[in-house]
Each structure stands twice: as C-alpha cells, then as structure tokens.
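Residues per chain, in single letters:
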Amino acid sequence: MNHLLRHADGLRLAVLVNEFGALPIDADLIEAQDETVIAIAGGCVCCSYGNDLTLALMDMARADPAPDHVILEASGVALPGAIAASVSLLQGYALDGIVTLCDAETVRERAADPYMGDTVARQISDADLLVLNKTDLVSTDERAAVEDWLRAGGEGAEIVTAVHGAVPPEALMRSVVGRRRAPAVAHDMPLHTLSIAMDRPVDAQALARALADPAAGLVRAKGFVTGADGEACILQIVGRRWEVTPAPAPAATDAPRAVVLIGVATRMDEAALRRRIDGCAA
Amino acid sequence: MTTIYAARKVITMNPARPVATHVAVRDGRIVGAGPLEELARWGAHTLDTRFADKVLMPGLVEGHAHTMEGVFWRYVYCGYFDRTDPDGRRWEGAKSVEAVLDRLREAEAALSDFEARPDGPKDGGAEGKAPLTGFQLDPIYFDNRKVSRADLDAVSTERPIGVVHASCHIMNVNSRALELAGLLRPGINHPGVPLGEDGLPTGELKGPDVMTPVSVHIGFDRDMLACDERGLRDFGKLCVRAGVTTVTDLAARLTDDVVAMMLDVTAENDFPARVVPLRFFQGLTPEALIENAVVLRKRSSDRLRLGMVKVVADGSIQGFSARMRFPGYFNGAPNGLWYIPPEQLRETYERALAADVHVHTHTNGDEATQLAIELLEGALRKHPSPDHRFTLQHCQLADAAQFRRMAALGIGVNLFANHHFYWGDEHYALTVGPERAERMNACRTALDNGLTMGIHSDAPITPLAPLFTAWCAVNRLTASGRTLGEHEKITVAEALEAITLGAARTLKLDGEIGSIEAGKRADFAVLEDDPTEIGAETLRDVRVWGTVQGGRIFDAAAL
C-alpha cells in the first residue's frame, strides 16, 4: 500500500482499512492524522472503516474532491467476492477488481490450516489478480511450486510476483492504464504494456471476453473502441473480470480508438493477442 | 434507616436459608433475609408490607441483550408472537402477511406527510415522505411466504418502507426505499438481493452489507446496534416489566459521547437497572481494544459497569453463517464465516488476560467454539489467570467434550435457551438436523460439568423475559410443540439460578447481586406468582409486578 501511495502519480487514492495499526503507513507520507483519517501527500487519504464498511464507502462517495480510486483492504477473514458484490450495489462506485495478496512463504501453510483453509481457498479463487509477495524469501524452486499451486487454486487469475509488496500500479488500478507515468520503478516482475490501434468497429463484448480469457495471459486491459453499432465504448478487463460501458459524450468523438494490454512479458504473445483482437471485428 | 419488607415469600437463592419471610434493606443494600424478629435486632426500622402478598426473588440478570430494543419500539411491531412494549401495551402477534400489512397501513395513516422523523436519516427522508419502519417480522411462521416489494407498495408507494426481520439480518423494503438507495434497477448481481421475474429486486435484502445502503433511508440509525437516551430509558422500562435489575448491552461501541450519555441516563433517579455494556471489538486492533477497556473500566458507576469486551467469532446458525464442524449444515449449505481472524482473536485473548480484561466471545457453530477454546487454552498457558471467567455467548452447538474442556479451562457459558422455542423447528428440519438440534444449548451437560452458566434472550432478537427463558431451558419446547432434547432439560431451581446467580457469575458480579443475602445489592424481582410452585410447564406465566433495584421500588403498572 505504501508503494502504491508513493507511485500514485497524481491520482487521488483513498485507502480503506479495517483499523489503523494493521496497516502502517510510512511516516514520511503522512501529512496529518486523526482518529479515523490519515491525510497523505498528494491528496491521498487512508481511512479506517471500523465496524461498517458499507457506511464508510457511502460517506466516501460524498467526499469532495472524490477520490479517483478506493482501495479497500479487507480483513484476513473476508470473502472478497462477497465484498465486491456489495460494492456493486453502492451508488457512485464501479468495481475495478479483486486482488489477493499471497505471502509466498506461508500461503500454502495457511491454506492447510483447519480453521482458515477454506477461507484462504475462497480468497484465492475469488481473485481477479493474484499477487505473490515476498518472493525474495523463498528459493527459485519453492517460488515455482507455489506459483503452480496458486494457478491451480485461482480460477484463471494471472499471477504477479512482488518483493516488499511493490506491485506496478497499472496492474492494480484501471486509471493508471495508458497513463503517462513518472519514471518506472524496478519491480520483481516488470509488466509489459502493449498498445494496439483499433481503427475498425469491433464486437465490443466479444473483444472484452476474448481479452479476459485466461489463455490470453493478460493482467489487465483497457480499450476505447467503436462498437458494432458505431457507438464508442470503453472496455475494462482485469483478470477474467470484464465490463463494457458506453463512452461519455466528449470522449466519444475525439480520442483515438485503441486497446492497451498489460501483462507479464514472458506470458504475453503479441501475435496471438492480435489474432484474438482481429477475431472480434464487427 | 432500615426498611424491612414483609413478603409472601422471599426466594433467596442462598442455600443456607433458601426461603425467608422478610428482607431488610438499608442504603440500597440487603441487611439480611430471615424472620422479622431476627431482622428487627438490627435496630430502628420501618416495616413495609406493600409486598406482603408478593413473592420476592433476586433481581433477574439478563446476560445477553442489546439496549437497542428500546429504540426498536419506536417502529411498528410486526412480530408473530404477542409482545409488550416499554409503555406496557401488549401488541398482539401478527399471524399472517396480511395482518402485518394491515398493521403497517394503520401506522402509515397516522404518520404525517412531510415531517421527517427527528431520528430519521439525515438525507433521503427529508426529500419526501417520512419513512415507515417495522421490526420483528418472521416469515418462518407464515410458511416462509415471502413478503414482496409489491406487498409493501400496497401500503405506500411514496413513503420508503422497511421491515427488519426478527433475526435483524434480513429486511424487506418497498419500491420507494429501493429507489432512494439506487437499487430499483435491473442488472443487480448479489446473492443477498433476490430478483423477481421482472429482473428487479424483490425488496428482500439479506445481510448487513446489503441492508445498510437502504436502511439509512427507512429510518434506521447509521448504527443499528446504537441506543440513544430515550431508547435507554425505554429499555429500562422493559427491564422492570421483566423483573430484570441487571442487564448487559452486549455489543456496544462505547464512543466517548455514548459513554457520557449512558452514565447520565443510568444515573437518573428513576432509571431502574444496572447496565453492563461490553465494548464491541470491531474497528480496533486488539491492542487498542484492550487499552480502551482498561480506560473504560475506570469510568464505571454503580449503575453502569464498564470494562468488559465482546468479540464475535462467527455468524448465526439460521443464517448459515456460523462456522460448523463436520458434518456441517443439514441442508448442505457451505460453511459459514469467521468474523475475526483467528490470529486477532489469539492476540485479543493474550492481551486481555495480561491486562485482566474480561472477554465474552460470541460463538454459534461448534467449529467457532472449538477455535475459541483452543486459542484461550494457549493464551492461558502464557498468562495463567485463575478465575478469568471468559465466557462463550450462545455457544449453541457445543458438544459434551467441548463442555468438559471448557470446564477444565474455567470458561463460562451463556446459552441461548430461547432459540429452541423460536427456531428449534427450523434447526431440526433445515440447519443442523434432528440429532444436533437436540443437543443445542445443552444446559444439562453444562451444569453437570460444573460450568458457570447463564441463559439468555439476546433481546431484541427474542423478548427480554428471563422467566420465559427459564421456561425454555426447563421444557425445551419448540413453537410447534416438539420437545427438543429431553436429556438436556434442567430443573426449575437450576433455571432460576441460571437467570440470577448464574448470569451474575458470567459478569463477575455474583458477589454483589444474584441472591438475596446480607451485604448484596437490594435488587429484587417482585412477582405475583411463585415460580417454584407454579409448575414447570407454566413457569413462563409467572406475573411480574415490578422490581426493586438498589432499594428503589419500580411498579411496572406505574411506569
């Protein structure tokens, strides 16, 4: 979370945590703090939601200026799919995706815990993106083994590995995709970004499904395309989750049509991705 | 000045002299119980005969309730069973969906058009007609006939309407309420929001996450567990009507302003009960929670006992959110939810034992009970604490082995005896199946193993009425008349102890209350009938005249 806050790149992030103390924000990032809100450099905030996440989100929706992104840190026993479903009911929010952070050293042990095992399994299978953290603390063999194990438990979610929780922001937040960013920071698993112009109309739903297919090997994708009906629309893909929404009016006329694809370099096959996209021509 | 009360009978719960004819009171405390001539030797006294035809027993202790019931009575009572409100009005049970709707219609007609309720939502309600709110609906008794949005629309389409179920975990709302929350739209995909054939929500909302976006528009406070001044006073009246002189508020947020309010209200001369709020764990790290409890403890007054902590391990059995061991739910539902990470529970226990903070833990399913037992056992090895009296609340499915282990570790239990009556048939048929339904709330096993044991109502989930709770534990009857678990019945004497000394022991207050003997608080339940004579089958029919609390007399009829 500290890494994200440091690389928010002008976005206003709001981090919601169950209680302060569980998430130590680096001291140099903190501008001001009271019982429930920590103000962070660059217009970001961190809030504790205490006993009612829904109420905290409803309050956050009325914040002025509104945050660009809310990052919700669920408790260790939460079922993220259930929280995501609840977020979808709230006015002013669109769900971006579910990221499950796994500790490379301990995740398999925790999944075998008689009390917590089924919860951990659901946290993994609910994920749109799995982040395997602390990979510096395990051997190469162990790392490969835990990746295979995660892939089997996740329902098609891509895996991004990380050290010290440093995950490229474009993997975690749709607003970062395609944005001109500050100089890149070193990451355990650098992500590759591929931008493809979309001059012709496409079947937008089919394209979104094709990019969300686990076989496409993408972490995230975003598209601004002309649909089969000639109307501009926006595609958002994170792991296997996708949505297609009509583009807001001003953007519909000006912006160039394109898709931006983000993935782990070794798993991205540009030719295959282009074939997928071509297969969705309207 | 000593007052000696003459009574038809004084049931003392003191085995040395189990019954007496008189009880002497001075400065709110008991000087002694015994024959008049013996008590008269204490010196100058007034003989008060107002209770000469009444039966006195120790003031009843409700070990698991929520003061928010006092607030609920501002809403429309939609329950199936008859129930008495704080002002003494007996509300007949609504026996059909139609009866519920009629009652709502009647209340709707009495509401003025554009007057937002003072306790209503800050937004939404003010935009149009004030909301209409009901509580205690239980469609189980209507053959599970669902209440629909259309049903409530027939009451009003302009006014937001919401009716919360008895479980407090489900509500039904009308179209206007959905509209205000932005949920009257197609495309909703949520297991807690069933859709009708038209693709729109039916108006049934299952689970707090789903209820909250709507409940703020139908008159519920932002925090459903919260109580306010008037609610607390009303709750006090319910206590008098039930013979209760000490009551817990088992999931209190206890912010500074709430504590100040509770200290003020409970200190009022006519506030009739001792309230024991337990600080709710949510939203605080274990470290902050225990520090907070230590600070709160020092703010206690005679009638507001602060410093205990409540933790919730899992959900509810009828909501299929309790954590179950093999073989799980009878209908095949997946296992329930943890409400606290096990690591956090472990740390809470360890810090609490180190700081001598008393923790009660909600467990419903037997897996949650097992976790609590194991974690507390580990914490006790680190911080040996004789007489810690950590208590499991509900603990409904514990088996004999778990009770034995709890006894060995000094863990107390507060069993949900009322559950048998209200949901026993549901447990038998659907949630846990016949065998485990018979062992639920195993009072006999708990007592045979020597556990500290209370029994409770969880008001407002079920009515605050310890004598009814005692009847439930003695008879183990369900609403349909099935005896569920013959071998777990306890005697009337044991049940009366559970609602006095037993519950007091779970709160570490048994040195002060729970029996009528020299030195204790002058807290009495004043009864028209003798619970030890009326018969096990009719124990719930014992009439309550009122209470004496700290020597102050409260006549229920004069509230």
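Placed above this text is the structure.
In this report, the structure presented in the accompanying data block is examined. (Residues numbered from 1 in each chain as written. Chains lettered and ligands numbered in written order. Predicted model: local features only at pLDDT ≥ 70, side-chain atom pairs only at ≥ 80, totals over all residues. Heavy atoms only, no water.)

### Here we look at the environment of Ile277(A)
Residues and elements named next belong to chain A. With respect to the helices and strands, the residue Ile277 is situated in helix 10 (residues 270–278). By relative accessible area, Ile277 is classed as buried at 6%. With 194 residues separating them along the chain, Ile277 and Ile83 place their C-alpha atoms 32 Å apart. The residues touching Ile277, leaving out its near neighbours within four places in the chain, are Ile196, Met198, Leu207, Leu211, Val259 and Leu261. (Helix = DSSP H or I, 4+ residues; strand = E, 2+ residues; numbered from the N terminus. Buried < 20%, exposed > 50% of the residue type's maximum accessible area, 1.4 Å probe, protein only. Contact = heavy atoms within 4.5 Å.)

### Looking at the packing of aromatic side chains
All names here are of chain B. If you walk through the whole model with that rule in mind, you get 23 aromatic pairs over all chains. Lying over the aromatic face of Tyr80, Lys95 brings its terminal NZ or CZ to 4.0 Å of the ring centre. Its guanidinium or amino end placed over the ring of Trp471, Arg540 lies 4.0 Å from that ring's centre, counting from NZ or CZ. (Phe/Tyr/Trp six-rings, centres within 6.5 Å; stacked < 30°, edge-to-face > 60°. Lys NZ or Arg CZ within 6 Å of the ring centre and 35° of its normal.)

### Remarks on the pattern of salt bridges
Residue and element names in this part refer to chain B. Here the structure, examined in full by the defined rule, presents 59 salt bridges over all chains. Glu377 is paired through a salt bridge with Arg381; the nearest N and O atoms lie 2.9 Å apart. In this pair, Glu377 and Arg381 both sit in helix 11 (residues 366–382), 4 residues apart, roughly one turn of the helix. Using a relative accessible area of 61% as the deciding quantity, one classes Arg381 as exposed. In this structure, Asp387 engages Arg389 in a salt bridge whose closest nitrogen and oxygen atoms are separated by 2.9 Å. (Salt bridge = Lys/Arg side-chain N within 4 Å of Asp/Glu carboxyl O.)

### Focus on the packing of helix 7 (residues 229–242) of chain B against helix 8 (residues 256–267) of chain B
Residues and elements named next belong to chain B. Packing of helix 7 against helix 8 brings their axes to within 10 Å, and their N-to-C directions diverge by 40°. Accordingly, the angle class assigned to the pair helix 7 and helix 8 is oblique. Our pair here, helix 7 against helix 8, has a crossing hand that is right-handed. Residues Glu229, Leu232 and Arg233 of helix 7 touch helix 8, and the partners they reach there are Met261, Met262, Val265 and Thr266. Split into classes, the residues belonging to the contact of helix 7 with helix 8 amount to 4 nonpolar, 1 polar and 2 charged. (Axes fitted to C-alpha atoms, helices over the stretch in contact; angles between N-to-C directions. Parallel < 35°, antiparallel > 145°, perpendicular 65-115°, else oblique. Left-handed = near helix turned anticlockwise from the far one by under 90°. Nonpolar A, V, L, I, M, F, W, Y, C, P; charged D, E, K, R; others polar.)

### Focus on the sheet that holds strand 16 (residues 308–312) of chain B
All names here are of chain B. Reading across from one edge, 6-14-15-16-17-18-19-20 is the order of the 8 strands in this open sheet, with parallel pairing throughout. Of all strands in the sheet, those with a lone pairing partner are strand 6 (60–62) and strand 20 (453–455), marking the two edges. In this sheet, adjacent strand axes meet at a mean angle of 20° when their direction is disregarded. Here strand 6 runs beside strand 14 (residues 244–252); their pairing, made up of 3 bridges, is parallel. For Glu62, the partnering residue across the bridge sits in strand 14 and is Val247. (Pairing = 2+ DSSP bridges.)

### A short note on unusual backbone geometry
Backbone torsion omega between Asp64(A) and Pro65(A) reads 0°, so that peptide bond is classified as cis. Among the structural elements, Pro65(A) can be located in the loop between helix 2 (53–61) and strand 5 (69–73). In this chain, Ala459(B) is followed by Pro460(B) through a cis amide linkage whose omega measures 10°. Of note, Pro460(B) is situated in the loop between strand 20 and helix 16 (466–475). Unusually for a residue other than glycine, Gln136(B) sits at a positive phi of about 75°. Located in the positive-phi region is Asn441(B), a residue other than glycine, with phi close to 50°. Within the secondary structure, Asn441(B) sits in the loop between helix 14 (433–439) and helix 15 (443–448).

### Some details on the sheet that holds strand 4 (residues 44–48) of chain A
All names here are of chain A. Read from one edge of the open sheet, 5 strands run 2-3-4-1-5, paired in mixed fashion. Each end of this open sheet is capped by a strand with a single partner; those strands are strand 2 (30–33) and strand 5. Strand-to-strand, the axes of this sheet are offset by a mean angle of 20°, without reference to chain direction. Against the sheet, helix 2 engages strand 1 (13–17), strand 4 and strand 5, with an angle of about 160° to strand 1.

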